[in-house]
Amino acid sequence: MLLCLLDKEALLIYTDPLYGMVELPDFVAEIAHTTQMRRLRGITQDALPNVFFPTGASFPSRFQHSMGVAYLATIATSQNPQLSGVQQNLIIASALLHDVGNPPFSHLAEPFLREITGHDGESFARNMLVNSSLETTCRGFGCGADSKSIISMITGACGLFSHIIHGSLDVDNLDNVARYLHTTGMPGM
């Protein structure tokens, strides 16, 4: 990740295995360096560890996926003139944080997470955000985001624009499918 100043606006330059060199708002770097996001570097995007995949494909981490989702959210929000900068930042920050509550082995372990905590990965994100340094970071960088706003966006309870992240055809699913196809070498990408 590289922060640079272009036309007096700080941008994060991130090299993604799927999208190549992408530009993201600078606050994404601050959020990406939090403990909660660094944790996602060690969680595979696939539900099973890479050693169980028969072709030996090495799946990307939830961190890489989250950065890709934030990139797609950046594109989606930039195409919508109805959104203000604060709304765009909230959507991008929420896109980046959409998997922050996922347990290891992802959706495969969610029944255990639900039994132990009463939450799935999306709603467990609340535990990762409330009164944390991550929430402070989000508030401090113009994201217009506190934990309640982010959780509402992640879970689809924030109205129309939360469907960018949480819907049938959302940036999370788009990145998931594209990254899976790219990783496995399947046609379509």
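An account of the accompanying structure is given in this report. Everything numeric here is computed off the predicted structure, so don't read it as measured data. (Residues numbered from 1 in each chain as written. Predicted model: local features only at pLDDT ≥ 70, side-chain atom pairs only at ≥ 80, totals over all residues. Heavy atoms only, no water.)

**A short note on the overall build of the protein**
Formally: Starting at the N terminus, helices and strands are each numbered in turn, a helix being any DSSP run of H or I of at least four residues and a strand any DSSP run of E of at least two. Partly exposed residues are those whose accessible area sits between 20% and 50% of the maximum for their type, while under 20% is buried and over 50% is exposed, using a 1.4 Å probe and protein chains only. Here, residues are in contact when the closest pair of their heavy atoms is within 4.5 Å. With residues, only the protein chains shown are counted as cover, and all accessible areas are computed by Shrake-Rupley using a 1.4 Å probe.
A tally of regular secondary structure across the protein gives nine helices and three strands. Scanning the protein from its N terminus toward the C terminus, one meets helices and strands in the order β-β-β-α-α-α-α-α-α-α-α-α. Counting every position in the protein, which comprises 189 residues, the buried fraction comes to 48%. For the protein, the proportion of contacts with a sequence separation of at least 24, taken over those separated by at least 6, is 58%. When the accessible surface of the protein is summed, it comes to about 9400 Å², and 58% of that surface belongs to carbon and sulfur atoms.

**Digging into the pattern of salt bridges**
Test applied: Each reported salt bridge corresponds to a side-chain nitrogen of Lys or Arg within 4 Å of a carboxyl oxygen of Asp or Glu.
Enumeration over the complete set of coordinates arrives at three salt bridges. Of the charged contacts in the structure, one is a salt bridge between Arg179 and Asp175, with a shortest N-O distance of 2.8 Å. Taken as a pair, Arg179 and Asp175 lie in helix α9 (residues 171-184) at a separation of four residues, close to a single helical turn. You can call Asp175 buried: its relative accessible area is 0%. Residues joined in a network through salt bridges with shared partners are Asp16, Asp175 and Arg179.

**A short note on the packing of helix α3 (residues 62-78) against helix α4 (residues 85-97)**
We count it as follows: The convention used is that axes are lines fitted to C-alpha atoms, helices contributing only their stretch in contact, and that angles between N-to-C directions extend from 0 to 180 degrees. Relative orientations are named as follows: roughly parallel for angles under 35 degrees, roughly antiparallel for angles over 145 degrees, roughly perpendicular for angles from 65 to 115 degrees, and oblique for any other angle. Note on convention: the crossing is left-handed when the near helix lies turned anticlockwise from the far helix by less than a right angle, right-handed when the turn is clockwise. Side-chain classes follow a simple rule in which Ala, Val, Leu, Ile, Met, Phe, Trp, Tyr, Cys and Pro form the nonpolar group, Asp, Glu, Lys and Arg form the charged group, and the remainder, Gly included, forms the polar group.
Running from N to C, α3 and α4 point in directions that differ by 160°, and their axes come no closer than 7 Å. One element, α3, and the other, α4, form an angle in the roughly antiparallel class. In the crossing of α3 with α4, the sense of the turn from one axis to the other is right-handed. On α4, the residues that touch Ser66, Met67, Val69, Ala70, Ala73, Thr74, Thr77 and Ser78 of α3 are Gln88, Ile91, Ile92, Ala95 and Leu96. Residues belonging to the contact of α3 with α4 are distributed by class as follows: eight nonpolar, five polar and no charged.

**Structural notes on the packing of aromatic side chains**
To keep it simple, the criterion reads: Two aromatic rings, drawn from Phe, Tyr or Trp (for Trp, its six-membered ring), form a pair once their centres lie within 6.5 Å of each other, and the interplanar angle then sorts them: stacked below 30 degrees, edge-to-face above 60, tilted otherwise. In our convention, an over-ring charge means Lys NZ or Arg CZ found within 6 Å of a ring centre and within 35 degrees of that ring's normal.
Overall, the coordinates contain one aromatic pair when judged by the stated rule. Their ring planes at 40° and their centres at 5.2 Å tell us that Tyr19 and Tyr71 sit as a pair that is tilted. Linking Tyr19 in the loop between β2 (9-16) and β3 (20-25) with Tyr71 in helix α3, this pair joins segments that are 52 residues apart in sequence. Above the ring of Phe63, the side-chain terminus of Arg41 is found at 3.9 Å from the ring centroid.

**Observations concerning α3**
Worth spelling out the cut-off: Expected span, for any helix, means 1.5 Å times one less than how many residues it has.
Along its 17 residues, α3 runs 24 Å from first to last C-alpha, staying within 8% of the 24 Å computed at 1.5 Å per residue. The buried count for α3 comes to 13 of 17 residues, which makes it a mostly enclosed element.

**Comments concerning the nonpolar core**
Our working rule: Nonpolar cores are built from buried Ala, Val, Leu, Ile, Met, Phe, Trp, Tyr and Cys residues. Side-chain atoms within 4.5 Å join them into one set.
Leu24, Val28, Ile31, Met67, Leu97 and Ile150 are the most contacted members of the largest nonpolar core, which totals 41 residues. Elements with a minimum of two residues in this core: β2, β3, α1 (27-32), α3, α4, α6 (121-129), α7 (133-140) and α8 (147-154).

**As for the environment of Ile165**
Along the chain, the position of Ile165 falls in the loop between α8 and α9. A residue is classified by how much of its surface remains accessible, and Ile165, at 3% relative accessible area, is buried. Ile165 sits 96 residues away from Val69 along the chain, and the two C-alpha atoms are 8.3 Å apart. Setting aside residues no more than four positions away along its own chain, Ile165 makes contact with Ile91, Ser94, Ala95, His98, Met153, Asp170, Val171 and Asp172.

**Some thoughts on the environment of Gly68**
On the secondary structure map, Gly68 appears in helix α3. Take Gly68: its relative accessible area is 1%, and that puts it in the buried class. For the pair Gly68 and Asp175, spaced 107 residues apart in the sequence, the C-alpha separation amounts to 6.4 Å. Each residue touching Gly68, except ones within four places of it in the same chain, is listed here: Asp16, Tyr19, Asp175 and Arg179.

Read these as spatial facts, not as claims about activity.
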